Amino acid sequence: MAAAAADPRTVHSLQHNWLVRLFDYKPFLIFICLLPAAAFLLVFLSYPLGLGIWLAFTDTRIGRPGSFIGLENFVSLLEDRVFITSVWNTLLYTGLATFGKFALGLWLALLLNNHLPMKSLLRAIILIPWIVPTVLSAIAFWWIYDAQFSIISYVLVDVLGWRDTYIDFLGQPWPARFSLIAANIWRGIPFVAISLLAGLQTISPSLYEAAMLDGANAWQRFRHVTFPMLMPILAVVLTFSVLFTFTDFQLVYAITRGGPVNATHLMATLAFQRGIPGGQLGEGAAIAVAMIPFLIMATLFSYYGLSRRKWQQGEAND
Amino acid sequence: MASVQIADVRKAYGSTQVIHGVDIDIDDGEFVILVGPSGCGKSTLLRMIAGLENISGGEIRIGPKVVNDVPPKERDIAMVFQNYALYPHMTVADNMAFSMKLRKAPKAEIEERVGKAAGILGLDKLLDRYPRQLSGGQRQRVAMGRAIVRDPQVFLFDEPLSNLDAKLRVQMRTEIKELHQRLKTTTVYVTHDQIEAMTMADKIVVMHDGIIEQMGAPLDLYDKPVNLFVAAFIGSPSMNLLKGRITSAGFETEGGVVWPIGERPANADGRPAVFGIRPEHIHLDPNGLEAEVVVIEPMGSETQVVVRCGGQNLTCVFRERITAKPGETIRITPDIKVTHLFDAETGKRL
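This is a predicted model, so every value here is computed, not measured.

(A) Up close: the overall build of chain B. Looking only at helices and strands, chain B has eight helices and 19 strands in total. Along the longest, intermediate and shortest principal axes, the C-alpha atoms of chain B span 75 × 45 × 30 Å. Counting every position in chain B, which comprises 350 residues, the buried fraction comes to 40%. Across chain B, the fraction of contacts at a sequence separation of at least 24, relative to all contacts at a separation of at least 6, is 65%.

(B) Local environment of the overall build of chain A. Along chain A, the regular secondary structure elements total 17 helices and zero strands. By the compact-globule yardstick of 20 Å for 318 residues, chain A is too spread out, its C-alpha radius of gyration being 28 Å. Dimensions of chain A along its principal axes, counting C-alpha atoms only, are 105 × 70 × 35 Å. Put simply, chain A has 318 residues, and 30% of those count as buried.

(C) Highlighting the sheet that holds strand E5 (residues 65-66) of chain B. Residue and element names in this part refer to chain B. In spatial order, the strands read E2-E1-E4-E5; together these four strands make up an open sheet with antiparallel pairing. Each edge of the open sheet is held by one strand with a lone partner, namely strand E2 (16-26) and E5. Judged from the two bridges that link them, strand E4 (residues 57-62) and E5 form a sheet pairing that is antiparallel. Across the sheet, the residue bridging to arginine 61 is valine 66, located in E5. Against the sheet, helix H1 (residues 42-50) engages strand E1 (4-13), E2 and E4, with an angle of about 115° to E1.

(D) How the structure looks around H1(B). Residues and elements named next belong to chain B. By the criterion of burial, H1 is predominantly enclosed, with seven of the nine residues buried. If you check which residues of H1 are buried, you get Lys42, Ser43, Leu45, Leu46, Met48, Ile49 and Ala50. Just downstream of H1 lies glycine 51, where phi reads positive at about 95°.

(E) Fine view of the sheet that holds strand E16 (residues 303-309) of chain B. Residue and element names in this part refer to chain B. Taking strand neighbours across the sheet as the criterion, the four strands line up as E17-E16-E15-E18 in an open arrangement whose pairing is antiparallel. Strands at the two margins of the open sheet, each flanked by one partner only, are strand E17 (312-318) and strand E18 (329-334). On average, each strand axis in the sheet is inclined to that of its neighbour by 55°, with strand direction left out of account.

(F) Structural context of the interface of chain A and chain B. Tallying the contact residues gives 19 residues for chain A and 22 residues for chain B. Mapped by element, the contributors of at least two residues to the side of chain A that touches chain B are helix H12 (205-213) and helix H13 (218-246) of chain A. It is H12(A) that contributes the most residues to the side of chain A that touches chain B, six residues altogether. Across the side of chain A that touches chain B, the residue classes tally to ten nonpolar, five polar and four charged.

(G) Expanded view of the packing of helix H6 (residues 81-112) of chain A against H13(A). All names here are of chain A. Running from N to C, H6 and H13 point in directions that differ by 140°, and their axes come no closer than 9 Å. Compared by their axis directions, H6 and H13 come out oblique. For the pair H6 and H13, the sense of crossing is right-handed. Packed against H6, whose contacting residues are Thr90, Tyr93, Thr94, Ala97, Thr98, Lys101 and Phe102, the element H13 presents Leu238, Ser241, Val242, Thr245 and Phe246 at the interface. A breakdown of the residues in the contact of H6 with H13 according to their chemical character gives six nonpolar, five polar and one charged.

(H) View of the environment of Ala285(A). All names here are of chain A. The residue alanine 285 is located in helix H16 (residues 281-290) in this model. Spatially, the C-alpha atoms of alanine 285 and threonine 60 are 9.6 Å apart, while their sequence positions differ by 225 residues. Other than its neighbours up to four places away in sequence, alanine 285 contacts Gly52, Leu55, Ala56 and Gly275.

(I) Seen up close, the pairing of strand E8 (residues 186-191) of chain B. Residues and elements named next belong to chain B. By the criterion of burial, E8 is predominantly enclosed, with six of the six residues buried. Neither face of E8 is left uncovered, since the one carrying Thr186, Val188 and Val190 and the one carrying Thr187, Tyr189 and Thr191 both have all their residues buried. Looking at chain direction, strand E3 (residues 31-35) and E8 are connected through five bridges and run parallel. Within E8, the residue paired with leucine 34 across the bridge is valine 190. By the bridge criterion, five bridges tie strand E7 (residues 154-158) to E8 in an arrangement that is parallel. Bridge pairing links phenylalanine 157 to tyrosine 189 in E8. A crossover links E7 with its parallel partner E8, the connecting element being helix H5 (residues 166-183), and its sense is right-handed.

(J) Looking closely at the packing of helix H2 (residues 92-102) of chain B against helix H3 (residues 107-121) of chain B. Residues and elements named next belong to chain B. Packing of H2 against H3 leaves a shortest axis separation of 10 Å and a crossing angle of 135°. The angle between H2 and H3 places the two elements in the oblique class. Along this stretch, H2 crosses H3, giving a crossing that reads as right-handed. Across the interface between the two elements, Ala93, Met96, Ala97, Met100 and Lys101 of H2 pack against Ile110, Arg113, Val114 and Ala117 of H3. Among the residues forming the contact of H2 with H3, the class breakdown is seven nonpolar, no polar and two charged.

Rules used in this analysis
Residues numbered from 1 in each chain as written. Chains lettered and ligands numbered in written order. Predicted model: local features only at pLDDT ≥ 70, side-chain atom pairs only at ≥ 80, totals over all residues. Helix = DSSP H or I, 4+ residues; strand = E, 2+ residues; numbered from the N terminus. Buried ≥ 20, exposed ≤ 12 C-beta atoms within 10 Å, placed from the backbone. Contact = placed C-beta atoms within 7 Å. Rg over C-alpha atoms; globule rule 2.2 N^0.38 Å. Pairing = 2+ DSSP bridges. Axes fitted to C-alpha atoms, helices over the stretch in contact; angles between N-to-C directions. Nonpolar A, V, L, I, M, F, W, Y, C, P; charged D, E, K, R; others polar. Parallel < 35°, antiparallel > 145°, perpendicular 65-115°, else oblique. Left-handed = near helix turned anticlockwise from the far one by under 90°. Right-handed = clockwise from strand over helix to strand, strands pointing away.

Here you go:
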């Protein structure tokens, strides 16, 4: 220190505050910068997920701390007909709704990709079903599907005269399921359409012109140019859409609450029904945990679907 | 192979007319280049031949058939796009075979034709690659291969070389010309580069603002440009154009310098005009006009010199090497056999 004191410049560099030196230390800096985000994830994602998984292996009820019971919840669920129905419902709901959303969404995207007057306005309008809060649109659909005041029944019976009786949309299991699927498709189309439209716009028009000169008709241009070029984004959007639909809760809970007679319960709504109003936290958690394998499958699908295709990666960079 | 006839063809977008009645006759096997500055309508005209744009008026024939209302795929033409428009998800071989696969041609025939085209273009080893894995020049060749495989009536090229670097452009220019000499397919080629036009074409069509300024063999356009636009457009470095008037002694510029000229129109004394002389037609001459050297650009084979003469800058190209320094005076004279005179008002050749 004596030598250092003799040379003011050395003093300056040596006597850097320990705090300053600590913050110059890169690993520490990385740790500090990541901390808020990591804490956030830990508290709001990992902890609830971990707690949920733990609860699934206990017999916890509201107001009574449970004890570990192993796989008992899952074993009893396997014999639970309502749970089995909810699994099939979820698969049917996800399958049909995703198919509907993609068929109609792709069609809409292809239409919007053409030169239309007031294109931006149309695109904005398309987004409306997606912007409206789910519960709000669910209430609208509840009204549309009402047994007495349904506008669909009114049009079919009183205006067109195609039917003699009003349709009981939500009172019977199958009509109720299809009604929910229709509502979900309506809500999901904008996301698919806008995402695919973005994908379509990255395809160079000269590719279509080249295909046209090569002798491709409209279908062949779709089949050999549009579709393969859209595949990467299609895989992403498909994965997201499957995940969102599989875990859907709001629409079903707001329109049917799982009725009639538990016929339209999805796994998410059943988990909530059993866990919160029913008070069986352990059982509800077990139902929610049972969704995880399905979601992992969807994620794996996305992992392979998303992996860049050979034609997308190249040696030449430009 | 077929001839192409373009008769009084017009194109309008709404009320804006962009092509005002164009007539071009293209013989069977001819290599025609449409050249002009950007926005002159040359690409639009090409796209109308291809069927990618509607024809607002007039008639286009390919062979004996009027194709105005024939869809592109039935016109039997192949086009090479500026950005090549290769299908990125197909290999080189699939790109070239696509049109034949659509026609459901037998596999053996597809393989044979693709192999042959690949052989002509030196793509044999790249057939399994994807377009992303190719260099610009290779992609260009694949785009041409795709056209060759089709064996069409007419090849259309839309600025095919403008995305390549300068050296590759010169090389591909030669390759395209050689290809045409070999296949003898009628070709219409669009470019804004007059050097490409001069070097490759059998016939050049100079377009400007939707009309044809001049049409003819490259050297005819070079030797006898019909107006100021063509005079300035064809040739590199471009022709020196000096304003002034014709006198009995020659051509007197606004700066008062009198240039000797060759043939002059009758009764033209005192007439305001534009005098044109190409840089390569100015020679050093001890008895010539005095000119001050401004810039010297030695190229090795020749020397390009910008001089100031009568207050105006002129570009000269000399075969000999120049020792003069900027600021010094040299004496120059035009080759009077190849001077040009244009009307000052209309810009037409006198």
